[in-house]
Amino acid sequence: MFTTAFLDVPALVRAAGTVRLPGSKSISNRVLLLAGLAQGTTEVHDLLDSDDTRVMLAALQQLGCGLEQQGRVLRVTGLGGRLQTREAALFLGNAGTAMRPLCAALAVLASTQGGQFELSGVPRMHERPIGDLVEALRQLGCPVANLGQPGYPPLRIGDGQVHPLDTTTPIRVRGDVSSQFLTALLLALPLLTTNAPVTIEVEGELISKPYIDITLGLLARFGIEVQRQGYERFVLPQGSAYRTPGSIHVEGDASSASYFVALGALAGIDSEVRIEGVGLDAIQGDIRFVEAAQAMGAQVRGGPGWLAVRRGAWPLKALDLDCNHIPDAAMTLAVMALFADGPTRLRNIASWRVKETDRIAAMACELRKVGASIEEGADYIVVTPPQRWQAASIHTYDDHRMAMCLSLAAFNPLSDAPGRGVPVRIEDPRCVGKTFPDYFETLFELAEAAAGAVPVIAVDGPTASGKGTLAAQVAQRLGYHLLDSGALYRATALAAQEAGVSLDDEAGLATLAAGLDLRFADHRVFLGGRDITDPLRLEATGGLASRVSVHPAVRQALHALQLGFRRLPGLVADGRDMGTVIFPEAELKVYLTATARQRAERRQRQLAERGVCAKLDELCADLEQRDRRDQTRAVAPLKPAEDALLLDNSELGIEESVQRVLGWWQQGRPFQRV
Ligand SMILES: Nc1ncnc2c1ncn2[C@@H]1O[C@H](COP(=O)(O)OP(=O)(O)O)[C@@H](O)[C@H]1O
Ligand SMILES: Nc1ccn([C@H]2C[C@H](O)[C@@H](COP(=O)(O)OP(=O)(O)O)O2)c(=O)n1
């Protein structure tokens, strides 16, 4: 997962490959609650691992459920309807799928067995309505107190006393704000059916009906057959009891699938994007996004558990659609609309306004930034594609779907509008952790950047100037890959030593360099599977590397290997010739220096930290000799590129140097705001 402050997605042009989707958030949290209420142990396969499921798991654990992870299987031992703990404060982040059902289940348990629970979340959760559910629970006789603004979390549920609950009259709940209120009651009220059936009546037109179908389907898997009349009246039969199905599989998230369906429709130009984990047989309503994508031109094949999508009509066909049945996935249509042949109107999406953020307002604001014209209303949005694309810094409002959707705007070179090929900056990319922590990694695996669009920052300079330290820090802050090119020369030197190849044998060294079996993982370096991190970093190895590196054939042999590090979303490369020879087109070139004395002192301190004692004068003489050799060799000598920015960090600390370079980088970026 990218945890950087922002992530710049370069202009993208193509996509192909296979994505295995993480489990559905809606199914995961419903299954967890049902397994938590049931008697016995449920094996849950392919549960989503994300922010929202983690808060649900933490809550279940606090309530005394047994949780045991074994590989991809989680074993949940439920409460069997009996409270194990009578008091707890549960923090539920921004997970509506945890807040609403737990509110209902705990209200019933606390009232019938005597308990008291506090439910809270992040500030945005305290702005998301829950009043209609609270009203329904109060009708039953459950004490629920507002700890903040009435109608919103945080809430105190129960008061430690046992209260008689009235199930003789139907429980009425509004269905036109969020279908999660009804879901919450359906999941919780089987607890009250011991002596008589319980009836729920929906007031107002129920929205997002497919989510209710998921709830009913999962209740059936746990032994509870709800009888319904349309979507207005639901009856939980007398004696409904949660019975674990023993084992249950969580299907891939259909809303998450929408980004990859869109990816295929936009950029599956000469091959398909294959999606595994969710297919045409999915129980999630958002699978019907596929029909909307097809209406826009996507070519979709599919079967049980899989979909394969490629581009059909191009540009995409504009759409006018009632999206009530696919509220979450419809956001993806708003971004596909950027690539359509006219304005796209998405209707009946009022629920967008009470999700992780006000999604209509957020979508309008961010799509305007990339150049689209937007008309927004209380429950609709109209998107007219950009006439000219702009490089935009996308605010994501702590909303995973804003981040995932808007990343698709990076395919702007595919559009016919002028001003082709601009990057998209996604602010706070870690918000995707709510449902799809590896979303961006997956996107970068499948997508291909426009020619020359993957940015490179080159950091060159003499030994011990701090290149490696600076490059690693800058790469980390930007979420970029890192190339420590010196390590390749050092590894060649070690391989030569081992194979008994002389440092003057240019052809022999070049053969070794061309065949290096080198792997970088977890800050360690492996040569032919062997960990060589420690010998690689020895001062002596640096000297040997300098000697190896004078040979043109060796440099040539390592050239392609170095180019291969330039992968999405970007690269920071450090060495001697990054800006002059390997990446002459790098957007930013930094030539890092410090006085020889300073550098020798740094090296001495660095060695001392590793328990190696070295004399300052000797270190200084060694590094000056190495500088001379690196600067005077015939091929790719160490020197600043003509367009390099010089940074003498003799008097600068590490963080100051990093900030200086990040500042230069930001200045050169095309975004209006950070
Ligand atoms: N700006 C700086 N100020 C002080 N020390 C630094 C600075 N940059 C790096 N160092 C320290 O100098 C030592 C050498 O840095 P390193 O990144 O290994 O240099 P290089 O890759 O150029 O050989 C490290 O111990 C590092 O922590
Ligand atoms: N791009 C590069 C990187 C390193 N080299 C050579 C020259 C250097 O003295 C050695 C060792 O490089 P390395 O960057 O690991 O050394 P320092 O960390 O700066 O001491 O390799 C090179 O010729 N070209």
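About the thresholds
- Residues numbered from 1 in each chain as written.
- Chains lettered and ligands numbered in written order.
- Predicted model: local features only at pLDDT ≥ 70, side-chain atom pairs only at ≥ 80, totals over all residues.
- Axes fitted to C-alpha atoms, helices over the stretch in contact; angles between N-to-C directions.
- Helix = DSSP H or I, 4+ residues; strand = E, 2+ residues; numbered from the N terminus.
- Left-handed = near helix turned anticlockwise from the far one by under 90°.
- Contact = placed C-beta atoms within 7 Å.
- Nonpolar A, V, L, I, M, F, W, Y, C, P; charged D, E, K, R; others polar.
- Pairing = 2+ DSSP bridges.
- Near = placed C-beta within 6 Å.
- UniProt positions renumbered as here; feature names shortened; annotations may be inferred.
- Buried ≥ 20, exposed ≤ 12 C-beta atoms within 10 Å, placed from the backbone.

### Overview of the packing of helix α4 (residues 131–140) against helix α5 (residues 180–188)
Move 1: For the pair α4 and α5, the least separation of the axes is 9 Å and the interaxial angle reads 35°. Crossing hand, α4 versus α5: right-handed. Residues Asp132, Leu133 and Ala136 of α4 touch α5, and the partners they reach there are Phe181, Ala184 and Leu185.
Move 2: Taken together, the residues that form the contact of α4 with α5 break down as 5 nonpolar, no polar and 1 charged.

### Here's the deal with the sheet that holds strand β4 (residues 41–45)
Move 1: Read from one edge of the open sheet, 4 strands run β5-β6-β4-β15, paired in mixed fashion. Every interior strand has two partners, whereas the edge strands, β5 (66–70) and β15 (247–249), have only one. The sheet shows a mean angle of 20° between the axes of neighbouring strands, direction not considered.
Move 2: Sheet topology note: the β5/strand β6 (residues 73–77) ladder contains 5 bridges and is antiparallel. Looking across to β6, one finds that Gln70 is bridged to Val73.

### A word on the site of ligand 1
Move 1: Residues in close proximity to ligand 1 total 14 residues, the closest being Gly466, Gly468, Thr469, Arg602 and Gln606.
Move 2: Contributing elements (two or more residues each) for the shell around ligand 1: α13 (467–478), α20 (596–609) and α22 (654–668).
Move 3: Considering every element that reaches the shell around ligand 1, the biggest residue donor is α13, with 3 residues.
Move 4: Class assignment of the residues belonging to the shell around ligand 1 gives a composition of 3 nonpolar, 9 polar and 2 charged.

### Some words on the UniProt feature "binding site: ATP" (unreviewed entry) in the chain
Move 1: Per the UniProt record, "binding site: ATP" (unreviewed entry) is found at Gly461, Pro462, Thr463, Ala464, Ser465, Gly466, Lys467, Gly468 and Thr469.
Move 2: With respect to the helices, strands and loops of the structure, Lys467 is situated in helix α13.
Move 3: Setting aside residues up to four positions removed in sequence, Lys467 forms contacts with Val459, Gly461, Asp574 and Leu592.
Move 4: With respect to the element layout, Thr469 can be found in helix α13.
Move 5: Assessed through the 19 C-beta atoms surrounding it within 10 Å, Thr469 is described here as partly exposed.

### Considering the site of ligand 2
Move 1: The local shell around ligand 2 holds 17 residues, among which Thr463, Gly486, Ser546, Ser549 and Gly575 are the closest.
Move 2: The set of elements that each furnish at least two residues to the shell around ligand 2 consists of α13, α14 (485–499), α17 (539–548) and α21 (616–632).
Move 3: Broken down by element, the residue count for the shell around ligand 2 peaks at 4 residues, all from α14.
Move 4: Tallied by class, the residues present in the shell around ligand 2 amount to 3 nonpolar, 8 polar and 6 charged.

### Here we look at the pairing of strand β1 (residues 6–9)
Move 1: Of the two faces of β1, the one lined by Phe6 and Asp8 and the one lined by Leu7 and Val9 are each fully buried.
Move 2: As judged from the 4 bridges shared by β1 and strand β24 (residues 424–427), these two strands associate in the antiparallel manner. Directly across from Phe6, in β24, lies its bridge partner Glu427.

### Re unusual backbone geometry
Move 1: Across the junction of Pro153 and Pro154, the peptide omega takes the value 0°, indicating a cis bond.
Move 2: Along the polypeptide, Pro154 turns up in the loop between β9 (144–146) and β10 (155–157).
Move 3: Residue Pro569 is reached from Leu568 by a cis peptide bond, and omega for that bond is 5°.
Move 4: Along the polypeptide, Pro569 turns up in the loop between α18 (552–563) and β31 (571–575).
Move 5: Not every positive phi belongs to a glycine, and Tyr397 is a case in point at roughly 60°.
Move 6: Among the secondary structure elements, Tyr397 is positioned in the loop between β23 (392–394) and α11 (400–407).
Move 7: For Tyr397, a count of 23 C-beta atoms within 10 Å gives the class buried.
Move 8: The residue His523 is not glycine, and still its phi comes out positive at about 65°.
Move 9: Assignment of secondary structure puts His523 in the loop between β28 (518–521) and β29 (524–527).
Move 10: We classify His523 as exposed; it has 7 C-beta atoms within 10 Å.

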